[in-house]
Amino acid sequence: MIRYLVRRSALLVATGVAGLIAIFVLLRLLPGDPANALLTSTATPEQIEAARRQVGSDQPVVTQFVRWISDLAHGDLGTSFTSGTSVGAEIASRLSVTIPLTLIAFTFALIIAIPLGYVAARWRNGPAGLIVSIFSQIGIAVPVFWIAMMAVIVFAVRLRLVPASGFPPQGWGTPFLAWTALVLPVSTIAFVSSASMTRYTRSAALDVIDSGYMACARALGQSRTRAMIRHGLRNASIPVISVASIELATTFIGAVVVEQVFALPGLGSMLTRAIAQHDFPSIQGVLLASTALVLVIGFLADVLQRIVDPRLRTSLTGGRA
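Residues numbered from 1 in each chain as written. Predicted model: local features only at pLDDT ≥ 70, side-chain atom pairs only at ≥ 80, totals over all residues. Heavy atoms only, no water.

Asker: Sorry, what's going on with the pattern of salt bridges here?
Answerer: A side chain of one charge can pair with a side chain of the opposite charge if their charged atoms are brought near each other. In total, this model carries 3 salt bridges according to the counting rule given. D302 is the partner of R8 in a salt bridge, and the nearest nitrogen-oxygen pair spans 2.8 Å. Of this pair, R8 sits in helix 1 (residues 2-28) while D302 sits in helix 12 (residues 280-308), placing them 294 residues apart in sequence. Judged by relative accessible area, R8 falls into the buried class, the value being 14%. When its relative accessible area of 26% is taken as the criterion, D302 is described as partly exposed. The partner of E90 in a salt bridge is R94, and the shortest N-O contact between them spans 3.2 Å. Residue E90 and its partner R94 are both found in helix 4 (residues 87-122); the two are separated by 4 residues, about one turn of the helix. On the accessibility criterion, E90 (13% relative accessible area) is buried. For R94, a relative accessible area of 15% gives the class buried. The network of salt bridges with common partners includes E90, R94 and R273. (Salt bridge = Lys/Arg side-chain N within 4 Å of Asp/Glu carboxyl O. Helix = DSSP H or I, 4+ residues; strand = E, 2+ residues; numbered from the N terminus. Buried < 20%, exposed > 50% of the residue type's maximum accessible area, 1.4 Å probe, protein only.)

Rendered as structure tokens:
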């Protein structure tokens, strides 16, 4: 297990470096100069050159990359071209909204998807299985932003149960208002994510229910529920963990989209503003933070799978990994 963690950590670092290079190169392939964020349409050649020196775009690309990596090594994500604030500090502030939104929505999605997936598998030929299948199909087919807008119209505009958008200026300093502002976004993301995970949970549960060891356990006198808990739950959880890790990353990306609908001050609004203003340090910072979170999620999911499934801890030669 220790050797696996070392190898997997090395792969994580290598993937992260590749991600850094990809982010830097792809942004430099976009049309326009980063210095344009500091200039007006009437800028003189002297002003353009001064702005390019200020942002470093007059330097060779390799020099720019080395300088960026050096700053990252010192924990410096740069300074926003437009606001003049620290990109790292702003990302930390934005993550205080995006991370709770993502984790809470994902937790509710799991709470909904796991029992519904089992119900759909256990009673796959009955009304309950049909209703759950319809629910999952609707959640997968309907775009998340449409569900968000419908939620605003029904629960905020018509019923006036929760605020339609926004986040309290004091942030988490006013917990009740902060949690209230997240009710609709969390519900929207949880609905969409649970619909997708329900299908995978149903498939995993079906494989276990129809397996030979479950039939053997039933023949030995165990009830279906007891056999599922003692013998089937661990096996069914293995593919679900893999899918859940992907869904968590997808939930994070979906949260960035939903933040725009509900006007939440998270990474989504920061990225949108940075793109509109050609603010390269902010764009790089948001993409870097998003990439790092996705990679860490994948790493933790792989480790958890090896803990749950002893077969993955056995090497191809029959020894222990």
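Asker: Can you help me understand a nonpolar patch on the surface in this one?
Answerer: A contiguous nonpolar surface patch, about 550 Å² in accessible area, is contributed by V13, V17, I21, V25, L26 and L29. Tracing the sequence through the fold places I21 in helix 1. Note on I21: relative accessible area 39%, which makes it partly exposed. (Patch = residues over 30% accessible without salt bridge, like charges linked within 9 Å, V, L, I, M, F, W, Y side chains within 5 Å. Areas by Shrake-Rupley, 256 points an atom, 1.4 Å probe, with all protein chains shown as cover.)

Asker: Looking at this structure, how should I read the packing of aromatic side chains?
Answerer: Here a ring pair, both rings aromatic, is described through the centre-centre distance and the interplanar angle of the planes. Under the definition given, this model contains 6 aromatic pairs. Aromatic side chains F24 and W68 sit 5.8 Å apart centroid to centroid with 25° between the ring planes, which places their arrangement in the stacked category. Placement of F24 in helix 1 and of W68 in helix 3 (residues 61-73) is noted, with a sequence separation of 44 residues between them. In terms of burial, F24 and W68 fall into one category: buried. Here the aromatic rings of F167 and W172 are separated by 5.8 Å at their centres, their planes lie at 70°, and the arrangement is edge-to-face. We classify F167 as buried; its relative accessible area is 16%. Since its relative accessible area comes to 29%, W172 is described here as partly exposed. Each residue in the set F24, F65 and W68 is aromatic and connected to the rest through ring pairs, giving one cluster. (Phe/Tyr/Trp six-rings, centres within 6.5 Å; stacked < 30°, edge-to-face > 60°.)

Asker: What is the right way to look at the side chain of T188 in this model?
Answerer: Along the chain, T188 turns up in helix 8 (residues 183-209). Among the residues examined, T188 registers a relative accessible area of 2% and is labelled buried. If we ignore the near neighbours within four places in the chain, the residues touching T188 are V144, I147, A148, A151 and F262. (Contact = heavy atoms within 4.5 Å.)

Asker: Teacher, can you tell me more about the nonpolar core here?
Answerer: Across soluble globular proteins, nonpolar side chains show a tendency to be buried alongside one another. In terms of nonpolar packing, the biggest core is built from 22 residues, with W68, I91, L267 and M270 touching the most fellow members. For this core, the secondary-structure elements that each account for two or more residues are helix 1, helix 2 (45-55), helix 3, helix 4, helix 11 (267-276) and helix 12. No other element matches the 5 residues that helix 12 contributes to this core. Setting aside residues no more than four positions away along its own chain, W68 makes contact with L20, I23, F24 and Q284. (Core = buried A, V, L, I, M, F, W, Y, C linked by side-chain atoms within 4.5 Å.)

Asker: Even after reading the chapter, I still don't get the packing of helix 4 against helix 5 (residues 127-141), so can you show me in this structure?
Answerer: Think of two packed helices as two axes; the pair is described by the angle between the axes and how far apart they sit. Here helix 4 crosses helix 5 at 135°, and the two axes come no closer than 8 Å. Taken together, helix 4 and helix 5 sit at an angle that is classed as oblique. In this structure, helix 4 meets helix 5 at a crossing whose hand is left-handed. Across the interface between the two elements, I112, L116, V119 and A120 from helix 4 touch A128, G129, V132 and F135 from helix 5. Looking at the contact of helix 4 with helix 5 residue by residue, the classes come out as 7 nonpolar, 1 polar and no charged. (Axes fitted to C-alpha atoms, helices over the stretch in contact; angles between N-to-C directions. Parallel < 35°, antiparallel > 145°, perpendicular 65-115°, else oblique. Left-handed = near helix turned anticlockwise from the far one by under 90°. Nonpolar A, V, L, I, M, F, W, Y, C, P; charged D, E, K, R; others polar.)

Asker: Is there a simple way to explain unusual backbone geometry in this structure?
Answerer: Note: most residues except glycine have negative phi, and most peptide bonds are trans. Located in the positive-phi region is R160, a residue other than glycine, with phi close to 55°. Phi angles above zero are rare outside glycine, and A263 is one such case at about 55°. Note that A263 resides in the loop between helix 10 (224-261) and helix 11. Note on A263: relative accessible area 46%, which makes it partly exposed.

Asker: Honestly, the confidence of the model for the chain in this entry has me stumped. Any pointers?
Answerer: Close inspection of predicted coordinates is inappropriate in any region flagged by low pLDDT. Averaged over every residue, the pLDDT of the chain is 83; the share at 70 or more is 95%. When the criterion is pLDDT under 50, residues 315-321 qualifies, and its contacts beyond four places in sequence or with other chains add up to 13 contacts. (pLDDT = per-residue confidence, 0-100.)

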